[in-house]
Amino acid sequence: MPSPNLLLTGATGFIGFDVLLKALEEGWVVRAAIRSISKSGSIVNHPKITALGRSDRLSFVEIPDICDQNAYEEAIKGVTHVVHLASPLPSPFLDPLTAIYEPNINSVNAMLRAAAKEPSLQKLVIASSVFGNSPFPPDVSQHITAEYRVPNLPGPFDSMMPAYCGGKIAATNAIDTFAKENNPSFDLAVVFPGFVFGKDQRALKIEDFMSSTNRILLGIITGKDADSPMPAGAVHVDDVAKIIILALKDGAPRNIGTTVPHVFDKAWDIVEKHFPKAIETGVFTKGSQATVPVNWDASQTERDFNLKFKTWEDMVVDTAGQYLELSGKEKA
Ligand SMILES: NC(=O)c1ccc[n+]([C@@H]2O[C@H](COP(=O)([O-])OP(=O)(O)OC[C@H]3O[C@@H](n4cnc5c(N)ncnc54)[C@H](OP(=O)(O)O)[C@@H]3O)[C@@H](O)[C@H]2O)c1
């Protein structure tokens, strides 16, 4: 096996698995850092991976605790590029402080610490979020781009959204401080995705599909009325993964927004247009997710990379289509 040149964290996740596929397709030799080595089998034997025929370019390293400040010291050795995605999303089932806020900030600090010591490193790409540089709670009067920054949140981090936003903001600010104080020999890029939707490349059955942010979208088209409003801003998983791979290249911008404006409940109109039979047969029923308007502008990324982001309609069609496919229900 050739020596790995790309360390990827979060490869078992929604975005990370798509990044892994694209990286292997592009010819990268990937060392995937995973929480438990027992998960390597489900990646290496996944039909999408075997179909590529590049398993000889994929190896694994176990990192049981991403908050350990020495977590990545061994894993990063010898690679030229890193994509850091591993961190928890907001979840009511996780302790907000220790299982959401702390892993989001501590894993980034651990990665920066390892990167600073690795002479072979040329580029480190880190996933933040549109929440990582936005006022919390959202403020629609503020025009936000990837260059915009907000001060760290004071806490307390005792519920999932403040904990997630606080962790992402602290991590974004820690990256800036690191770059300013250390003048690193490698390049840094930070990617700011909106809510991510679209075809989940990992999913082989319907339960797999529900483990991603797609479940928010699915709620709207399967009759669930969400309790709390969510900020606007969404991106197709294919776009985020593509942009993360592009961010590895020399000359890519330092701050990269990946989000388009959207209104959650318009998902229903899109499903009515594309899947009328699934509505007729009761597979899709109308739910609701209120949207808080946000003025986050990622159009610079379209100009920088000469591409057009997929639309909310594309995300809904791909997610609803995969749901129908995996649940064995006929597309209209
Ligand atoms: N999905 C979105 O809407 C969205 C939007 C903006 C930014 N992001 C960011 O993009 C990154 C990837 O998101 P995703 O949607 O791919 O999330 P995901 O599907 O939940 O995957 C998260 C990945 O991080 C790993 N991970 C989570 N908590 C961990 C912990 N405490 N210790 C070790 N590993 C841990 C998971 O490993 P296991 O499989 O072992 O759990 C998995 O590989 C995250 O940084 C997230 O904040 C996501």
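Residues numbered from 1 in each chain as written. Predicted model: local features only at pLDDT ≥ 70, side-chain atom pairs only at ≥ 80, totals over all residues. Heavy atoms only, no water.

Describing the overall build of the protein
- Broken down by element type, the protein carries twelve helices and eleven strands.
- What you see for the protein is a C-alpha radius of gyration of 19 Å, in line with the 20 Å of a compact globule of 332 residues.
- Counting only C-alpha atoms and orienting by the principal axes, one finds that the protein spans roughly 60 × 50 × 40 Å.
- Considering the protein as a whole, with its 332 residues, one finds that 52% of them fall into the buried category.
- Between the mean site of the 31 positive side-chain charges and the mean site of the 38 negative ones, the protein shows a separation of 3 Å. (Helix = DSSP H or I, 4+ residues; strand = E, 2+ residues; numbered from the N terminus. Rg over C-alpha atoms; globule rule 2.2 N^0.38 Å. Buried < 20%, exposed > 50% of the residue type's maximum accessible area, 1.4 Å probe, protein only. Lys, Arg positive; Asp, Glu negative; His and termini not counted. Charge placed at Lys NZ, Arg CZ, Asp CG, Glu CD.)

Describing the sheet that holds strand E6 (residues 187–193)
- Read from one edge of the open sheet, seven strands run E3-E2-E1-E4-E5-E6-E10, paired in parallel fashion. Whereas interior strands pair on both sides, the edge strands pair on one side only; in this sheet they are strand E3 (58–62) and strand E10 (255–258). Strand-to-strand twist of the sheet, defined as the mean angle between neighbouring strand axes without regard to direction, takes the value 20°.
- In this sheet, E6 lies alongside strand E5 (residues 123–127) in parallel orientation, the contact comprising five bridges. Within the sheet, the bridge partner assigned to lysine 123 lies in E6 and is aspartate 187.
- Each of strand E1 (6–9), strand E4 (81–84), E5 and E6 is contacted by helix H4 (residues 96–117), which is oriented at about 180° to E5, the strand it contacts most.
- In this fold helix H8 (residues 237–247) packs onto E4, E5, E6 and E10, with an angle of close to 165° to the strand it touches most, E10. (Pairing = 2+ DSSP bridges. Axes fitted to C-alpha atoms, helices over the stretch in contact; angles between N-to-C directions. Contact = heavy atoms within 4.5 Å.)

Focus on the packing of aromatic side chains
- Under the defined criterion, the tally for this structure stands at 13 aromatic pairs.
- Pairwise contacts between aromatic rings join Phe131, Tyr164, Phe195, Phe197, Phe264 and Trp312 into one cluster. (Phe/Tyr/Trp six-rings, centres within 6.5 Å; stacked < 30°, edge-to-face > 60°.)

A closer look at helix H7 (residues 214–221)
- Counting buried positions along H7 gives seven out of eight residues, so the element sits mostly inside the fold.
- Among the residues of H7, those classed as buried are Asn214, Ile216, Leu217, Leu218, Gly219, Ile220 and Ile221.
- For H7, the elements touching its buried residues are helix H1 (14–25), strand E7 (195–197), helix H6 (206–209), strand E8 (230–231), helix H9 (266–274) and helix H12 (312–326).

With respect to the UniProt feature "domain: NAD-dependent epimerase/dehydratase" (unreviewed entry) in the protein
- Look at the UniProt record and you will see "domain: NAD-dependent epimerase/dehydratase" (unreviewed entry) annotated at residues 7–250.
- The distance from the first to the last C-alpha atom of residues 7–250 is 17 Å, and the span holds 37% helix and 15% strand. (UniProt positions renumbered as here; feature names shortened; annotations may be inferred.)

A word on the pairing of E4
- Covered by surrounding structure in E4 are His81 and Val83 together with Val82 and His84, the residues of both alternating faces.
- Bridging between E1 and E4 involves four bridges; their strand directions are parallel. Residue leucine 7 lies in a different strand from E4, and its bridge partner there is valine 82.
- As paired elements, E4 and E5 share four bridges and run parallel to each other. When the sheet's bridge partners are listed, valine 83 is paired in E5 with valine 125.
- With H4 bridging E4 and its parallel neighbour E5, the resulting β-α-β unit is right-handed. (Right-handed = clockwise from strand over helix to strand, strands pointing away.)

Examining the packing of H4 against helix H5 (residues 160–182)
- Axis separation between H4 and H5 bottoms out at 7 Å; the angle between their running directions is 15°. Between H4 and H5, the angle falls in the class roughly parallel. In terms of crossing hand, the pair formed by H4 and H5 is right-handed. Mapping the contact onto sequence places Pro96, Ile100, Tyr101, Asn104, Ile105, Val108, Asn109, Leu112 and Ala116 in H4 and Met160, Ala163, Tyr164, Gly166, Gly167, Lys168, Ala170, Ala171, Ala174, Ile175 and Phe178 in H5.
- Its residues assigned to classes, the contact of H4 with H5 shows 15 nonpolar, four polar and one charged. (Parallel < 35°, antiparallel > 145°, perpendicular 65-115°, else oblique. Left-handed = near helix turned anticlockwise from the far one by under 90°. Nonpolar A, V, L, I, M, F, W, Y, C, P; charged D, E, K, R; others polar.)

Section: the environment of threonine 177
- Among the secondary structure elements, threonine 177 is positioned in helix H5.
- Note: C-alpha distance between threonine 177 and alanine 203 (26 residues apart in sequence) is 38 Å.

Things to note about empty space enclosed by the protein
- Taken as a whole and assessed by the stated rule, the structure comprises two cavities of 30 Å³ or more.
- In this structure, the largest cavity is lined by Val130, Phe131, Ser134, Pro135, Phe136, Pro137, Pro138, Asp139, Ile144, Pro231, Ala232 and Val294.
- In this structure, the second largest cavity encloses a volume near 30 Å³.
- Considering the residues around the second largest cavity, the lining is formed by His84, Leu85, Ala86, Ser87, Asn104, Ser107, Val108, Ala127 and Lys168.
- When the residues that make up the lining of the second largest cavity are grouped by side-chain class, the tally is four nonpolar, four polar and one charged. (1 Å grid on protein atoms, 1.4 Å probe; cavity = no way out; pocket = protein on both sides within 12 Å on 5 of 7 lines; lining within 4 Å. Points joined across faces, edges and corners; volume = space filled by probe spheres on them.)

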